[in-house]
Amino acid sequence: MAKLLVGHLSDIDIKGSRTIRVQDTEIAVFRLSDGSVRAVENRCPHKNGRLSEGMVCGDAIHCPLHDWKIDLKSGRVHEPDDGCVTTYVTEVEPESGSIYVTI
């Protein structure tokens, strides 16, 4: 496993995102309204919509293509739909605000 520095809290607006690419995988990093940071693979399991272009609502992201709702903590799709995306452990350094994602 590798811990990657992906940016600083000030780089991501509340309810916003940024993306990073690690080899062939694009990862979306979200900053939630409670201040937490989550990271998931940046593709919806339905039609591969870019989740980073979706709308954050609470702890979920709404896919911009067909409004599938995906839990940003577990990666599971909300019912009645079904599926899952890969999630990644995130860490925010309190003193500096640096954001790390473990791959």
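The structure we're discussing is the one just above.
The sections below set out a description of the structure shown in this document. Sequence positions are assigned chain by chain, starting from 1 and proceeding in written order. Where local features are concerned, this predicted model is filtered to residues with pLDDT of at least 70; where side-chain atom pairs are given and counted, the filter is 80 or more; whole-chain, interface and lining totals use all residues. For the side-chain quantities, the full set of heavy atoms in the structure was used; hydrogens and water were omitted.

## Observations concerning the overall build of the protein
In step 1: Under the scheme used here, helices are H or I runs from DSSP no shorter than 4 residues and strands are E runs no shorter than 2 residues, and both carry numbers assigned from the N terminus. Assigned secondary structure in the protein consists of 0 helices and 9 strands.
In step 2: Computed over its C-alpha atoms, the radius of gyration of the protein comes to 13 Å, within 12% of the 13 Å expected for a compact globule of 103 residues.
In step 3: Reported as C-alpha extents along the three principal axes, the dimensions of the protein are approximately 40 × 30 × 20 Å.
In step 4: Each residue is assigned to one of three classes by its accessible area relative to the maximum for its type, calculated with a 1.4 Å probe on protein chains only: buried under 20%, partly exposed between the two thresholds, exposed over 50%. Across the 103 residues that make up the protein, the buried fraction comes to 39%.
In step 5: Counted over contacts in the protein with a minimum sequence separation of 6, partners at least 24 positions apart contribute 37%.
In step 6: The protein chains shown are the only cover counted for residues, whose accessible areas, like all others here, come from Shrake-Rupley with a 1.4 Å probe. Accessible surface, the protein: about 6,000 Å² in total, of which carbon and sulfur atoms supply 45%.
In step 7: The charged-residue count follows a simple rule in which Lys and Arg add positive charge and Asp and Glu add negative charge, with His and chain termini not counted at all. In plain terms, the charge of a residue is placed at NZ if it is Lys, CZ if Arg, CG if Asp and CD if Glu. Averaging the positions of the 12 positive and the 16 negative side-chain charges in the protein gives two centres separated by 2 Å. As defined in this context, the radius of gyration uses C-alpha atoms, and a globule is described by 2.2 Å times the residue total to the power 0.38. Two residues form a contact once any of their heavy atoms are found within 4.5 Å.

## Digging into the packing of aromatic side chains
In step 1: Only rings of Phe, Tyr and Trp enter the pairing, Trp through its six-membered ring, and a pair is recorded when the two centres are within 6.5 Å. The plane angle decides the type: under 30 degrees is stacked, over 60 is edge-to-face, the rest tilted. Following the criterion strictly, the structure yields 0 aromatic pairs and no others.
In step 2: One residue, Lys 3, lies across the ring of Tyr 100, its end atom 5.0 Å from the ring centre. The criterion for a charge sitting over a ring is simple: Lys NZ or Arg CZ within 6 Å of the ring centre, and within 35 degrees of the ring normal.

## What about the sheet that holds strand E7 (residues 69-71)?
In step 1: Strands are labelled as partners when DSSP assigns at least two bridges between them. Judged by pairing direction, the sheet is antiparallel, and its 3 strands sit side by side in the order E5-E6-E7 without closing on themselves. Sheet topology places strand E5 (55-57) and E7 at the edges, where each strand pairs with a single neighbour. Adjacent strand axes in the sheet meet at a mean angle of 30° when their direction is disregarded. Every angle, taken between N-to-C directions, lies between 0 and 180 degrees, and every axis is a line fitted to C-alpha atoms, over only the stretch in contact when it is a helix.

These figures capture arrangement, not role.
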